[in-house]
Amino acid sequence: MNSLNSSHILGISHLSPDEIEFILRTAESMREILDRPIKKVPPLRGKTVVHVFFEPSTRTRLSFELAAKRLSADTVGISASASSVEKGENLIDTARNIQAMRPDAIVMRHPFSGAPHLLARYLDTSIINAGDGMNEHPSQALLDLFTVREAKGSFKGLKVAIIGDIAHSRVAHSDIMAFTRMGAEVTVCGPATLLPPYLEDLGARVKFRLDDALDGADVVMALRIQKERQARGLLPSNREYSMTFGLNMERLSGIAPDAIIMHPGPINRGVEMAPEVADGPWSVILDQVTNGVAVRMAILSLLLA
Ligand code: CP
């Protein structure tokens, strides 16, 4: 394989295992660049990447911007609060006006599921989904795959446990598809109110008790409780959630000795994960962030170079 089938990255659901493998292998060569004293290479010189973020972001936005700059592309960005969306301009008009300035790619985060897919239908520019509502976060799933393979060597037969607010998590949806597609076994666990009925159709096993989900796990990923997307009444309190599903040293006694702990960020310390777990020897959470730059360099270079 020497190219992707689409000029967009909209979701893991659109990527074949061969395409995922191609992106991961490209990211391996990008990762090496990040350890050089001069972290800049020329393949995207003359290209322009626009970042349009209609929801807050630290990791995704900065790492896409850094990825573009490491590849010598020009970057500009705008957030909803600083754009003419505040004056009533709709999404398609906003996107058409951005396209009129001739960027080569638009990286977009939006609170509505399907917003990047809509742009891809209307525009000629490459669209990269940086998280759409509760639907998908494909670049996060790709960096999670990269980080797991870096730590574990391969995906075949690996037991991945994803814990928390699965219903509202675009990361969970993309990760379930990504890990099962690459040969891992995914188990999800959380409060029954946050486990939607379609998870088995996506390829995940569902467990309602944390100890059952953690038993023999090679990879444990905790997710943030997404209060901003939840209807009231889905959880009694953060304290009760933490007591039942929060990861602490005692609860992790059942996992494999060489297991790794992941979290896409941002972490609510003391809610989904105790500080000693987040900062402990099993944690690869900051490796996920570093690898995010390499994976996003791979995505940009495969779409634009
Ligand atoms: N993981 C993730 O999407 O983090 P940000 O919201 O900070 O981009």
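Provided above is the structure to which this section pertains.
These notes cover the structure that comes with them. It should be emphasised that the depicted structure is a prediction, and the values quoted were computed from it without experimental measurement.

1. Notes on helix α4 (residues 115–122)
Side chains of residues three or four places apart in an α-helix project in the same direction, reflecting 3.6 residues per turn.
Right, so step 1: Turning to α4, its buried residues number three or more, namely Ala 115, Pro 116, Leu 119 and Ala 120. Seen from one end, α4 has its buried residues packed into an arc of 140 degrees, which puts them on one side.

2. Some words on the packing of helix α1 (residues 17–33) against helix α11 (residues 285–304)
Right, so step 1: With their axes 8 Å apart at the nearest point, α1 and α11 run at an angle of 120 degrees to one another. Here α11 runs oblique to α1, going by the angle between their axes. At the point where α1 passes α11, the crossing takes the right-handed sense. From α1, Phe 22, Ile 23, Thr 26, Ala 27, Met 30, Arg 31 and Ile 33 reach across to α11, where they touch Thr 290, Asn 291, Ala 294, Val 295, Met 297, Ala 298, Ile 299, Ser 301 and Leu 302.
Right, so step 2: Of the residues assigned to the contact of α1 with α11, the class counts are eleven nonpolar, four polar and one charged.

3. Describing the environment of Ala 222
Right, so step 1: Here Ala 222 lies in strand β8 (residues 219–222).
Right, so step 2: A relative accessible area of 1% means that Ala 222 is categorised as buried.
Right, so step 3: The spatial distance from the C-alpha of Ala 222 to the C-alpha of Gly 203 is 19 Å, given a sequence separation of 19 residues.
Right, so step 4: Discounting residues that sit within four places of it in the chain, Ala 222 has contacts with Ile 163, Leu 247, Met 262, His 263, Pro 264, Glu 272 and Met 273.

4. Things to note about the packing of aromatic side chains
Right, so step 1: For the coordinates displayed, the defined rule picks out two aromatic pairs.
Right, so step 2: On the basis of an interplanar angle of 80 degrees and a centroid distance of 6.2 Å, the ring pair of Phe 155 and Phe 179 is categorised as edge-to-face. Pair noted here: Phe 155 is in the loop between α5 (138–152) and β5 (159–163) and Phe 179 is in helix α6 (residues 170–181), with a separation of 24 residues, a long-range link. Each member of the pair, Phe 155 as well as Phe 179, carries the same accessibility label: buried.

Reading the values: rules and limits
- Residues numbered from 1 in each chain as written.
- Predicted model: local features only at pLDDT ≥ 70, side-chain atom pairs only at ≥ 80, totals over all residues.
- Heavy atoms only, no water.
- Buried < 20%, exposed > 50% of the residue type's maximum accessible area, 1.4 Å probe, protein only.
- Helix = DSSP H or I, 4+ residues; strand = E, 2+ residues; numbered from the N terminus.
- Arc of directions from axis to C-beta.
- Axes fitted to C-alpha atoms, helices over the stretch in contact; angles between N-to-C directions.
- Parallel < 35°, antiparallel > 145°, perpendicular 65-115°, else oblique.
- Left-handed = near helix turned anticlockwise from the far one by under 90°.
- Contact = heavy atoms within 4.5 Å.
- Nonpolar A, V, L, I, M, F, W, Y, C, P; charged D, E, K, R; others polar.
- Phe/Tyr/Trp six-rings, centres within 6.5 Å; stacked < 30°, edge-to-face > 60°.

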